[in-house]
Amino acid sequence: MDKAKVYIKDNKERFISELFDLLRIPSISAQSEHKPDMQRCAEFLAAALAKAGADRADVLPTEGNPVVYAEKIVDPKAKTVLVYGHYDVMPVDPRGEWRTEPFEPVIKEGRIWGRGADDDKGQLWMHAKAFEAMCATDTLPCNVKFMLEGEEEIGSPSLYGFCEQNKEMLAADIILVSDTSMISMQTPSITCGLRGLAYMEVEVTGPNKDLHSGLFGGAVANPANVLTRLVAGLIDDSGRVTIPGFYDDVRELTPGEREAFNKAPFDMENYKKSLEIGDVEGEAGYTTLERTGVRPSLDVNGIWGGYTGEGTKTVIPAKASAKISMRLVPNQDYRKISELFEKHFNAIAPKSVKVTVKALHGGMPYVSPTDMPAYKAAEKAVEATFGKKPLPFYSGGSIPIISGFESILGIKSILIGFGLAEDAIHSPNESYGLEQFDKGVETIPLFYKYFAES
């Protein structure tokens, strides 16, 4: 692997320059006007993987955005690694809060700034370039397949069917993913668990049109008022979700498990300072680490209704809406939780309004066993690069398709992410540290080496 390491060092500047070309493509899956950009981004990646050494690199259609599939089979008897990543990115809103152009990446303060710099273009590019380095130096010890999708940020609706239809093509010993974070560069970690997701949209409808708030205020239910009251009631004063049955399947950690989980370094004052908040809040009786890793949660992701433009318009809006996500923990089923949410929201709505509840998408929680060979290989690779054994860590985020891979393909995933909290993924001013990128490209070939030997 020393040859690959030298190759990576010699080509570092080119790797970053090529990444910039990828970051310039505004591949926003949530917005239909970017449909051509999704195709363009997929074609860019297929060409890059072919040039890197893949024997096959195709852009394959789905019912939604295309999947990039590539492979290099070095020996049919060798182990096979399936690399998963996504080339779609989040919208840039609120646009005015960006300090740089979202799709014109720049390097400042040792970081790459731009949408997708971390999530997930920067991280998937590490895999493409590590693959190139191993191919160029004839040090690739495993068969490699790539599956890069363009719908992760909207719940991967087309990828489930794609996997069902292509089980033989996607056969592998392990799925390798870099779409998660580490605790810090000083405390490396490997994600061994992800929370699941149930994503809902609710609409509250009152009168048949917007009404004058002076002539009708106090007599007709205001959908915006009702919606905020209903949403506020979904969490009680102790920070617990009030939906009946919500916690029925949640496995409580033992005292020993809680103690082990909270050994991960965490500085509360720095946490609050970095977010510019006066204090934290959440489910009573649990630490911030537990609240964001092994406990379920409910949050409003967006809320709207009535007049929000410049100046005043005194109306009672006819409608008000909200998007709500629930993060779930092992044993919770997003389909059951979605049904419980819909039943409860309808039950608490007053007769003065009508409510509509839609389940937009969801996914199951995922656990990656720390005793499987792929985890041990990842542990050795990270330790070799960082000089410190990584901690197993449960992430509060969700990658719904990961549990789908296990149920459809029968393959476990190993989550070696190199992101950090300060990367601000999904937010304005997303960035990715050059050191993170370098460490990632250096670690990935070592994973292949140790996995092949396991």
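Calculation criteria
Residues numbered from 1 in each chain as written. Predicted model: local features only at pLDDT ≥ 70, side-chain atom pairs only at ≥ 80, totals over all residues. Heavy atoms only, no water. Phe/Tyr/Trp six-rings, centres within 6.5 Å; stacked < 30°, edge-to-face > 60°. Helix = DSSP H or I, 4+ residues; strand = E, 2+ residues; numbered from the N terminus. Buried < 20%, exposed > 50% of the residue type's maximum accessible area, 1.4 Å probe, protein only. Lys NZ or Arg CZ within 6 Å of the ring centre and 35° of its normal. UniProt positions renumbered as here; feature names shortened; annotations may be inferred. Pairing = 2+ DSSP bridges. Axes fitted to C-alpha atoms, helices over the stretch in contact; angles between N-to-C directions. Contact = heavy atoms within 4.5 Å. Arc of directions from axis to C-beta. Salt bridge = Lys/Arg side-chain N within 4 Å of Asp/Glu carboxyl O. Polar contact = N/O pair within 3.5 Å; in protein donor to acceptor, adjacent residues only side chain to side chain. Patch = residues over 30% accessible without salt bridge, like charges linked within 9 Å, V, L, I, M, F, W, Y side chains within 5 Å. Areas by Shrake-Rupley, 256 points an atom, 1.4 Å probe, with all protein chains shown as cover.

## A few points about the packing of aromatic side chains
And then number 1: By the definition in use, this model includes 11 aromatic pairs.
And then number 2: Plain terms: the ring middles of Phe-261 and Tyr-394 are 6.2 Å apart, the flat faces sit at 50 degrees to each other, and that makes the pair tilted. Residue Phe-261 is found in helix H8 (residues 255-261), and its partner Tyr-394 is found in strand S16 (residues 391-395); the two are separated by 133 residues along the sequence.
And then number 3: Taking relative accessible area as the criterion, Phe-261 reaches 10% and is therefore assigned buried.
And then number 4: Ring geometry for Phe-447 and Tyr-448: centres 6.0 Å apart, planes at 75 degrees, overall edge-to-face.
And then number 5: Through pairs of rings, three or more aromatic residues link up here, namely Phe-261, Phe-393 and Tyr-394.
And then number 6: In this arrangement the basic side chain of Arg-240 is found over the ring face of Tyr-247, its NZ or CZ atom lying 3.8 Å from the centre.

## Some points on the UniProt feature "domain: Peptidase M20 dimerisation" (unreviewed entry) in the protein
And then number 1: Those residues carrying the UniProt feature "domain: Peptidase M20 dimerisation" (unreviewed entry) are residues 193-351 in this numbering.
And then number 2: Each end of residues 193-351 is marked by a C-alpha atom, and these two atoms are 42 Å apart; helix forms 31% of the span and strand 22%.

## So, the sheet that holds strand S9 (residues 196-205)
Strand pairing in a sheet relies on backbone hydrogen bonds, with the paired strands running either antiparallel or parallel.
And then number 1: Here four strands make up an open sheet; going across it, the order is S11-S13-S9-S14 and the pairing antiparallel. At either margin of the open sheet sits one strand with a lone partner, and together these are strand S11 (297-305) and strand S14 (354-363). Taken pair by pair, the neighbouring strands of this sheet meet at an average axis angle of 15 degrees, ignoring direction.
And then number 2: Note: S9 against strand S13 (residues 319-328), 10 bridges, orientation antiparallel. Following the sheet pairing, Gly-196 is matched in S13 by Leu-328.
And then number 3: Strands in contact with helix H7 (residues 223-232) are S9, S11 and S13; relative to S13, the strand with the most contacts, it is inclined by about 15 degrees.

## Some thoughts on helix H1 (residues 2-10)
And then number 1: Among all positions of H1, only Ala-4, Tyr-7 and Ile-8 are buried. The arc that holds every buried residue of H1, seen down its axis, measures 100 degrees, which confines them to one face. Facing away from the buried side of H1 by more than 90 degrees, the exposed set consists of Asp-2, Lys-3, Lys-9 and Asp-10.
And then number 2: Those residues of H1 hidden inside the fold are in contact with helix H2 (12-23), helix H4 (121-136) and helix H14 (434-453).

## Considerations on the sheet that holds strand S18 (residues 431-433)
And then number 1: Across the sheet, three strands lie side by side as S4-S5-S18; this open sheet has antiparallel pairing. Strands at the two margins of the open sheet, each flanked by one partner only, are strand S4 (106-108) and S18. Strand-to-strand twist of the sheet, defined as the mean angle between neighbouring strand axes without regard to direction, takes the value 30 degrees.
And then number 2: Note that S4 and strand S5 (residues 111-113) share three bridges and pair antiparallel. Paired with Val-106 across the strands is Trp-113, a residue of S5.
And then number 3: This element, H2, spans S4 and S5 of the sheet and lies at about 25 degrees to S5.

## Describing the pattern of salt bridges
And then number 1: Applying the stated criterion across every chain yields a total of 27 salt bridges.
And then number 2: Across the pair Lys-167 and Glu-164 runs a salt bridge whose closest N-O atoms are separated by 3.5 Å.
And then number 3: Judged by relative accessible area, which is 41%, Lys-167 ranks as partly exposed.
And then number 4: For Arg-295, the salt bridge is made with Glu-252, and the minimal N-O distance between the two is 3.2 Å.

## Examining the side chain of Glu-283
And then number 1: Along the chain, Glu-283 falls in the loop between helix H9 (268-275) and helix H10 (288-293).
And then number 2: Glu-283 gets classed as buried once you look at its relative accessible area, which sits at 5%.
And then number 3: A polar contact of 2.9 Å, which involves the side chain of Glu-283, links it to the side chain of Arg-240.

## Brief notes about a nonpolar patch on the surface
And then number 1: Together, Leu-215, Phe-216 and Val-220 line one region of the surface with nonpolar side chains, adding up to about 270 Å² of accessible area.
And then number 2: Considering the arrangement of structural elements, one finds Phe-216 in helix H6 (residues 213-216).

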